[in-house]
Amino acid sequence: MRDLLSLLKPYSLRTRLIALATLIAFVSASAVGLLAYKRVTQVTYSLAVDNLGRQTEIISTRLGEAFRNMHTDAIIVSHTPPIQGVIRTIRAGGADPLDGSSLELWRTRLETIFIAMMETRPYYTQMRYVGIDDRGREIVRVNANQRGFERVSPDHLQRKQNEPYFQEGMKLNPGELYYSEVTFNRENGRIDPSLTPTIRIIVPIFNENVELFGMIVINANYDTLIQDQILDISPNVDTIISNNTGDYFIFDGYSRSIISSQYTLNNVYDPDPAITYAIAHPEDTSFSIQDTINYKIRYWLNPSIQNSYIDIITQIDQKEATQHANSIKYESILTICIASILMTSIAFALAHFLTTPLLVISKEMRRYRQAQSTQTPIFANDLNLPLDQKDEIGILAQTFQKLVRELEEREAKNRSILENISEAILVFNHKGEISYSNGSCEILFQLSRDQISHKLIHELFPNLISYNTDNINASLMQNTYEIIGKNTETIAQRANNTIFPADIIISEIITPQDELFCLTARDISDRKQIDIIKNDLISKVNIEIRAPLSNIFKSIESLMLNSREIMPPNDYSLLESAHNSCRKLSHLVNDILDVEKMSSGRLAYNCEDVNIIPLVKECVEHHLGLAQTYGVHFHLETEVETAWVHLDPNRFNQALLNLLSNAAKFSPSGESVTIRVKLSGQHHVRISVSDNGPGIPKAFRDKVFDRFTQADSSHSNQNGSSGLGLHITKTLIEAFHGSVTFDTVEGRGTTFHFLLPIVQPH
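Let me sum up the structure you'll find in this document. (Residues numbered from 1 in each chain as written. Predicted model: local features only at pLDDT ≥ 70, side-chain atom pairs only at ≥ 80, totals over all residues. Heavy atoms only, no water.)

**Some remarks on unusual backbone geometry**
Here comes step 1: Of note, Asp134 is a non-glycine position whose phi angle comes to about 55 degrees, a positive value.
Here comes step 2: Checked against the element boundaries, Asp134 lands in helix 5 (residues 133-136).
Here comes step 3: Not every positive phi belongs to a glycine, and Asp291 is a case in point at roughly 65 degrees.
Here comes step 4: On the secondary structure map, Asp291 appears in the loop between strand 13 (286-289) and strand 14 (292-300). (Helix = DSSP H or I, 4+ residues; strand = E, 2+ residues; numbered from the N terminus.)

Here is the structure:
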């Protein structure tokens, strides 16, 4: 359908409506005709399948009855007195202990039974009583031949141990039976010259101790067995009888005769396609193949053996079955032609009526579009649209007029926003030619819009091109693409050639006609001045506060060492307070300086490959005094002996000390702070510090790593915390390509985790 619409796209709407209406009529009539044809075909097919199914069922029942008769005969024979009489006589050594009958007498009686049964089954060729002793020697055997029935003397009885059917019979349990595959009859180990295709049924014989003694074997001429049943029924459809090995008979329903039979035993074997299909698709009961409809019933000879069956397949010519459906097909084709011609005429008249006002709307749309690109644009109220029509076309015209008005309002609003925004906005192409600038550009560059439009973008932003280049456009595009979407600090130039710092961001605009770039600029002179003041302040803190503070701290420390014994306790306590305050202030100054270096990217790292385990142990042992200060214990647990990481050992100690200090401060006196080191997967090592403190309040958790923040300001003031420790810790660990996380439960404690990547040491 999409391809058809694409094909009609170059044509007018009127032509497309006519074509589509004709197509719809054709498709609709075709669909109705096709459905009618398919429905009749389905019904005809179903009736044919039902008829085949009934006839197949009759044939299957008749064949099944013949095979059940073989089964019944074998069972009846197995329960006659001579069967057990032979067993007793052989076991007693020559005379039956019950009535004194000899083995020869029992053999004669059993032969008589065999002959009586074979007289009623003309397709039986042999009946035998085969023992398992003496390599499967036959005990009693009767053959059917052209002269009648032959009682085989003991001297001519054969051993059947090597025959496949004998070996299968040895596996049978009481109550089981076995149908052999169809083979040529063998005598004394060689194929009988008569080449009689033979199927056998075997029923096992057990003695009174349920021990296998022998088996009853009935040989049936497979040709005679199958043909007698089929010819007796004489179905009026073609019938194929095949077994699991591919042997088959074909019965012609027209001539009511067997027209073909083949066995896989023959050198030449050419199976019917229906047989091949039935073997490949055992689950299908009905199927169509080579213009025939087929129905199959599978009759299982040995239910316990998967591949021992006979397929009864009936078939009928598909053309004969669907003859009535073909007449429906021709009637449908005629209906399709008439409907298509009628619908084309109606579509032509309707298309003319409907498309005339649409042509008017299309003409006005083109006029509006052309006017927008000129100096004299037209507005929504100037369009001559069919607004008075009360149908969909009138709604379309009103909608178009409304859209034009909304477009005009939106353009006016956008112009107002762009003109009044504080940032300067410029649009330029790949040559650097400026096609648009807003009102803020006049203030920022002290140029009029007309003057700006005659300049190139790199005349306003000199750093957008590289120095000493011959190809300005290529340099401009290379530098532009490198900073697209990124906030970039650069320099800008005003009309009087004065330079000022600017923060710019460039975005790419792809249009069908050209590739444009939108540049937004802001004067950051004030911010740069603030940065200068801040840097100056940091420098003064470092020079004028840090150094004197260090001297004061060392002086107080020296004074405390020399005056402890001679100074009054109250005065010494004041000296200790001054010492602690000086130490806290020194830590605060150091933290502030570290944070400033981190923010500006000036903090130096001396990274190397180290084994994290001794590094953690050294840090914990070195700061045991911190634990004593707060009355807690540091407890180190390591689940791994070696884990190499790449980091700055001093900065890592600083980060870990911050966690140890926080855990000690917030843990109750007498509690333990647990430090654990273990692997996290195959590629990371995890260092955890756990305390039993009050936990982190839920409302504060998102701010844990912010600068100058504390969940409990009173506690922080009491312990001299600056609120910078966790921020510094997170920044340091992330510099080592690691991460910092925490788990906390209010009232029970907090655990902070370092996750660091493991490396191979160099």
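After presenting the structure, the write-up continues.
**With respect to helix 22 (residues 725-735)**
Here comes step 1: Of all the residues in helix 22, the buried ones are Gly725, Leu726, His727, Ile728, Thr729, Leu732 and Ile733.
Here comes step 2: Note on helix 22: the residue one or two positions beyond its end, His737, has a positive phi of about 65 degrees. (Buried < 20%, exposed > 50% of the residue type's maximum accessible area, 1.4 Å probe, protein only.)

**Concerning the pairing of strand 3 (residues 148-151)**
Here comes step 1: Here 4 bridges tie strand 2 (residues 138-145) to strand 3, and the two strands are oriented antiparallel to one another. Paired with Val142 across the bridge in strand 3 is Arg151.
Here comes step 2: The hairpin turn running from strand 2 into strand 3, its antiparallel successor, is 2 residues long. (Pairing = 2+ DSSP bridges.)

**A word on the packing of helix 3 (residues 81-92) against helix 4 (residues 103-120)**
Here comes step 1: As a packed pair, helix 3 and helix 4 sit with axes 9 Å apart at the nearest point and diverge in direction by 160 degrees. Regarding the angle of helix 3 to helix 4, the classification is roughly antiparallel. Seen from above, helix 3 lies across helix 4 with left-handed handedness. Touching Pro81, Pro82, Ile83, Gly85, Val86, Arg88, Thr89 and Ile90 of helix 3 are Leu103, Trp106, Arg109, Leu110 and Ile113, all from helix 4.
Here comes step 2: Taken together, the residues that form the contact of helix 3 with helix 4 break down as 9 nonpolar, 2 polar and 2 charged. (Axes fitted to C-alpha atoms, helices over the stretch in contact; angles between N-to-C directions. Parallel < 35°, antiparallel > 145°, perpendicular 65-115°, else oblique. Left-handed = near helix turned anticlockwise from the far one by under 90°. Contact = heavy atoms within 4.5 Å. Nonpolar A, V, L, I, M, F, W, Y, C, P; charged D, E, K, R; others polar.)

**Some thoughts on the side chain of His458**
Here comes step 1: Mapped onto the secondary structure, His458 falls in helix 14 (residues 457-460).
Here comes step 2: Since its relative accessible area comes to 12%, His458 is described here as buried.
Here comes step 3: Discounting residues that sit within four places of it in the chain, His458 has contacts with Ile465, Ile472 and Leu476.

**Some details on the packing of aromatic side chains**
Here comes step 1: Within this structure, the stated rule accounts for 16 aromatic pairs.
Here comes step 2: On the basis of an interplanar angle of 25 degrees and a centroid distance of 6.2 Å, the ring pair of Phe67 and Tyr299 is categorised as stacked. Of this pair, Phe67 sits in helix 2 (residues 13-78) while Tyr299 sits in strand 14, and the two are 232 residues apart along the sequence. For the pair Phe67 and Tyr299, a shared accessibility class is recorded, and that class is buried.
Here comes step 3: In this structure an aromatic cluster arises from ring pairing among Phe67, Tyr179 and Tyr299.
Here comes step 4: The cationic tip of Arg109 hangs over the ring face of Trp106; the distance from NZ or CZ to the ring centre is 4.4 Å.
Here comes step 5: Directly above the ring of Phe500 sits Arg494, whose terminal nitrogen or CZ lies 3.9 Å from the centroid. (Phe/Tyr/Trp six-rings, centres within 6.5 Å; stacked < 30°, edge-to-face > 60°. Lys NZ or Arg CZ within 6 Å of the ring centre and 35° of its normal.)

**Section: helix 15 (residues 472-483)**
Here comes step 1: Given a rise of 1.5 Å per residue, 12 residues ought to cover 16 Å, and the 17 Å separating the end C-alpha atoms of helix 15 matches this to within 8%.
Here comes step 2: Within the sequence span of helix 15, burial applies to Ser475, Leu476, Met477, Asn479, Thr480 and Ile483.
Here comes step 3: Check the buried side of helix 15 and you find it contacts strand 16 (424-429), helix 14, strand 18 (488-493), strand 19 (499-510) and strand 20 (515-523).
Here comes step 4: Of the residues trailing helix 15, Gly485 is marked for its positive phi of about 80 degrees. (Expected span 1.5 Å × (residues − 1).)

**Quick notes on a nonpolar patch on the surface**
Here comes step 1: Judged by side-chain polarity, Leu342, Met343, Ile346 and Leu350 come together as a nonpolar surface patch covering roughly 360 Å² of accessible area.
Here comes step 2: Following the sequence through the fold, Leu350 ends up in helix 10 (residues 323-372).
Here comes step 3: What makes Leu350 partly exposed here is its relative accessible area of 49%. (Patch = residues over 30% accessible without salt bridge, like charges linked within 9 Å, V, L, I, M, F, W, Y side chains within 5 Å. Areas by Shrake-Rupley, 256 points an atom, 1.4 Å probe, with all protein chains shown as cover. Salt bridge = Lys/Arg side-chain N within 4 Å of Asp/Glu carboxyl O.)

**Let's talk about the nonpolar core**
Here comes step 1: Formed by 46 residues in total, the largest nonpolar core has its most connected members in Phe67, Met70, Tyr124, Tyr129, Ile199, Tyr222 and Ile241.
Here comes step 2: Take this core: its biggest share by element is 7 residues, from helix 2.
Here comes step 3: Ignoring anything within four residues of it in the chain, the contact list for Ile241 reads Ile59, Leu63, Ile226, Ile230, Asp247, Tyr248, Phe249, Ile310, Asp311 and Ile312.
Here comes step 4: By size, the runner-up hydrophobic cluster in this structure holds 43 residues, among which are Cys619, Val620, Ala627 and Val689. (Core = buried A, V, L, I, M, F, W, Y, C linked by side-chain atoms within 4.5 Å.)

**A few points about the packing of helix 20 (residues 649-666) against helix 22**
Here comes step 1: It is at 9 Å that the axes of helix 20 and helix 22 come closest, and there the two elements cross at 145 degrees. Crossing of helix 20 against helix 22: the hand is left-handed. Residues Arg651, Phe652, Gln654, Ala655, Asn658, Leu659 and Asn662 of helix 20 form the contact with helix 22, whose participating residues are Gly725, Leu726, Ile728, Thr729, Leu732 and Ile733.
Here comes step 2: Taken together, the residues that form the contact of helix 20 with helix 22 break down as 7 nonpolar, 5 polar and 1 charged.

**Brief notes about the environment of Met343**
Here comes step 1: Examined against the element boundaries, Met343 turns out to sit in helix 10.
Here comes step 2: The class of Met343 is partly exposed, set by a relative accessible area of 34%.
Here comes step 3: Distance from Met343 to Ala19, taken between C-alpha atoms, is 10.0 Å for residues 324 residues apart in sequence.
Here comes step 4: Dropping the residues within four chain positions of it, Met343 is found in contact with Ala21 and Ala25.

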